[in-house]
Amino acid sequence: RQLDEQELCEWATAHCAAARLLASAAASGRPGGDAGLAEQHARSAIQAAEVTKVAKDVEIAARSTLARRLLERDQAEEALEVLKVAQALDPTSDSLKDLAAKASQRDMDRKVVSVKDSLRKLKVDLAASLEADDAVRLLSMLQAIDEMPLTWDAASESAIGKEVGKCARHANEDV
């Protein structure tokens, strides 16, 4: 049996309420709290909102509950996607803005760490390719570096500048 629109709205409201209660209890350490189950309930409420028109506050609450859970599990990129829709529904909400800022910062921090690791590996590969005078490999690695979201911290911490400088003085003009 398929639920009609009214039943689906009630279903979404119930899932959202369950998600909020479970998440709140889990966060405070009260018995009955289950963050994983809260996430499932929040996803169910969001799924219903994608199928039919549910109350705006229900969808926003489900999305913010899910976003908090995603941040707890270090999934900031997905949390940002969930929050974009919530912010479109209520662009004036300070709590959504704060949560989105937190998610954005965590996502950026994760990307910076990833870039630092990549640069460290590329530094070793650049040094080996410079030693082997492999212009094709040097060019592909420099293009990879060019496409990265570089920050000063990532570049200085990886200390890749010396190798890049050597590439700039390479005999092959393409490098």
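Residues numbered from 1 in each chain as written. Predicted model: local features only at pLDDT ≥ 70, side-chain atom pairs only at ≥ 80, totals over all residues. Heavy atoms only, no water.

Caption draft 1: Structural view of helix H5 (residues 94-132). End to end, H5 covers 56 Å across 39 residues, agreeing with the expected 57 Å (1.5 Å per residue, within 8%). At the C-terminal side of H5, Asp133 shows a positive phi close to 55°. (Helix = DSSP H or I, 4+ residues; strand = E, 2+ residues; numbered from the N terminus. Expected span 1.5 Å × (residues − 1).)

Caption draft 2: Just helix H4 (residues 76-89), in detail. If you check H4, its first and last C-alpha atoms are 20 Å apart, about what 14 residues at 1.5 Å a residue would give, namely 20 Å. In the core, the buried residues of H4 are packed alongside helix H2 (35-51), helix H3 (56-72) and H5. (Contact = heavy atoms within 4.5 Å.)

Caption draft 3: How the structure looks around unusual backbone geometry. Not every positive phi belongs to a glycine, and Asp74 is a case in point at roughly 60°. Relative to the helices and strands, Asp74 resides in the loop between H3 and H4. For Asp133, which is not glycine, the phi torsion reads 55° and is therefore positive. On the secondary structure map, Asp133 appears in the loop between H5 and helix H6 (135-146).

This is a description of form; function is not addressed.
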